[in-house]
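# Survey of secondary and tertiary structure
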Amino acid sequence: MRIIVAGGGIGGLALAAGLRRHGFDVAVFERDTDVTATGGYHITLDGRAQAALRRLVPPETVERLLASSSALRFRDPDALWDRRGRLLGYGPSLAGSPSVDIDRITLRTLLADAVGDDLRLGRTVTGIGRTENGTPQVVLADGSSRQCDLLVGADGTHSLVARHLAGGPTSKPAGIIGFSGRTVAEDLSPPERRRLGPRSGMAIAPRGASLYIGFLDPVGNAVLDLPDRRAAITGGPTYIWGAMFPESAETDSMRGLRGDGLRDALLARFRRQGWAERSLEVIAKADPGSVAAYRFNAASTRAQDLAPWPAGRVTALGDAVHATPPTAGMGAGAAICDAADLLEHLREVADGTSTLVVAVSRFEAAMRVRGGEILTLAMRTVRLILATDTPLGAAVTTAATPVAAAVSRIRRRR
């Protein structure tokens, strides 16, 4: 069985690594020429995503991954602040959490290493079709074509493969523009380092503005004490932050800015809305080259709307099917789970206990349920931002009592 994976993001590489490990003939076509040229800064992998990775990649890759990850159980409880930096409440203890945080670049690099020569960088899939006998076929940017027994679209939110299958886009703008960056903890003033501490959290305010601040330390908070196996690009305590605003003409215009210009425009936007300078220091001290803007896209939260096509020899996974805003921190993990599930069904085909189309059908059925669940969680925060102008954020949505009290206080101040 020859399998082509269109797209070398997290989900596509995870699938290809699993296929290669189990002896399948696989090729990944990825438009990037460098696996480190990727958006986003860190990924949270819960217990399910880690279990899926153990089914996909060799044990030594899992070891390198965990040696390069920051354990949530070593962090202080998440915090909730107002726009002036005043503490409103804490989330639950993370002492028992199995989740880990890892740099997106680190994870993508480790997965690419596991795929090896089956990853074809700088190769963009520009067309999809079938041969006369129904075999799936891809056309590449250089005009060449490749045939396969199964084509898997792992080409992200604006997936060419999923659009081909669905007859149109599989997601739409969620109404929020995000801005992200990274700030080394040592670059902050001592008072601000003490206030933020070794924790993640959210600063919230009226008029739909919020600032998530994620703590990442794959050295001091490493999951495994194996410095010689560490591959993390983050070398010490770092804050990975993300700001969210309802989409508008102003936020759309900011998306065209870069570096210092984008960082300054973002600071000016927060200041006009009354944010205290100490709450903005993490943005002001950020590496200008790390600051980026992006639009949140989302698929339908209804499982029956996901992968709305008859099962066949072309399928898709991850954001290509269930594009998820980052407000639940579960999109990458879900793509990894998709990959592990598809691999298991393809192994049944190889064993002769299933046919290819039946295997794809069973995979897509489970993916619809999984995608609907994570989208429902992510869209709760998005709707709060858009409907009430009181965003809670992914880091604190589980802290029911402190968050409820904090939101009540914010609403009273308005």
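What this report covers is the structure whose coordinates are included nearby. (Residues numbered from 1 in each chain as written. Predicted model: local features only at pLDDT ≥ 70, side-chain atom pairs only at ≥ 80, totals over all residues. Heavy atoms only, no water.)

## Focus on the nonpolar core
The line we're drawing: Residue types Ala, Val, Leu, Ile, Met, Phe, Trp, Tyr and Cys, when buried and joined through side-chain atoms within 4.5 Å, form a set referred to as a nonpolar core. Categorising residues by exposure relies on relative accessible area from a 1.4 Å probe, with only protein chains included: less than 20% of the type maximum marks a residue as buried, more than 50% marks it as exposed, and the intermediate range marks it as partly exposed. By definition, any uninterrupted DSSP run of H or I lasting at least four residues is a helix, any uninterrupted run of E lasting at least two residues is a strand, and each is numbered from the N terminus. When checking whether two residues touch, look at their non-hydrogen atoms; a contact exists if any pair is within 4.5 Å.
One finds Leu45, Leu107 and Ile336 to be the most contacted residues of the largest nonpolar core, which totals 72 residues. Of the residues forming this core, the biggest block, nine residues, is contributed by helix α11 (residues 331-351). The contacts of Leu107, once residues within four sequence positions are left out, are Ile10, Ile43, Leu45, Leu65, Ile102 and Ile336. The next biggest cluster of nonpolar side chains, apart from the first, holds 28 residues, and it includes Ile177, Ala185, Ala203 and Ala205.

## Looking at the packing of helix α1 (residues 10-21) against helix α2 (residues 47-56)
Short version of the rule: Note on geometry: axes are C-alpha line fits, over the in-contact stretch for helices, and angles between N-to-C directions span 0 to 180 degrees. Asp, Glu, Lys and Arg are counted as charged, while Ala, Val, Leu, Ile, Met, Phe, Trp, Tyr, Cys and Pro are counted as nonpolar; the rest, among them Gly, fall into the polar class.
Contact geometry of α1 with α2 gives a least axis separation of 8 Å together with a crossing angle of 40 degrees. Mapping the contact onto sequence places Ala14, Ala17, Gly18 and Arg21 in α1 and Arg54, Arg55 and Leu56 in α2. Taken together, the residues that form the contact of α1 with α2 break down as three nonpolar, one polar and three charged.

## Focus: the packing of aromatic side chains
Inclusion rule: Under the pairing criterion, centres of Phe, Tyr and Trp rings, with the six-membered ring standing for Trp, must be within 6.5 Å; the plane angle then separates stacked pairs below 30 degrees from edge-to-face pairs above 60, leaving the rest tilted. Over a ring means this: the NZ of a Lys or the CZ of an Arg is within 6 Å of the ring centre and within 35 degrees of the ring normal.
All told, the structure shown has five aromatic pairs when counted by the stated rule. When the centroid spacing of 5.6 Å and the interplanar angle of 20 degrees are considered together, the rings of Tyr294 and Phe296 count as stacked. Through successive ring pairs, a cluster of aromatic residues spans Phe179, Phe245, Phe270 and Trp275. Taking the ring centre of Phe245 as reference, the NZ or CZ of Arg269 above it sits at 4.4 Å.

## Some details on the pattern of salt bridges
Selection criterion: Should a side-chain nitrogen of Lys or Arg be within 4 Å of a carboxyl oxygen of Asp or Glu, the pair is scored as a salt bridge.
Enumeration according to the criterion identifies 28 salt bridges in this entry. Here Arg20 makes a salt bridge to Asp118, at a shortest N to O gap of 3.0 Å. Within this pair, whereas Arg20 is found in helix α1, its partner Asp118 is found in the loop between α4 (104-115) and β8 (119-121), the two being separated by 98 residues in sequence. Bridged by salt links that share partners, the residues Glu30, Asp32 and Arg108 form one connected network.

## A closer look at the sheet that holds strand β3 (residues 42-45)
Formally: Two strands pair under a simple rule: DSSP has to find at least two bridges between them.
The strand order across the open sheet built from three strands is β3-β7-β4, with neighbouring strands paired in antiparallel fashion. The open sheet has two edge strands with one neighbour each: β3 and β4 (70-71). Each of β3 and β7 (100-103) touches α4; the most contacted strand, β7, lies at about 80 degrees to it.

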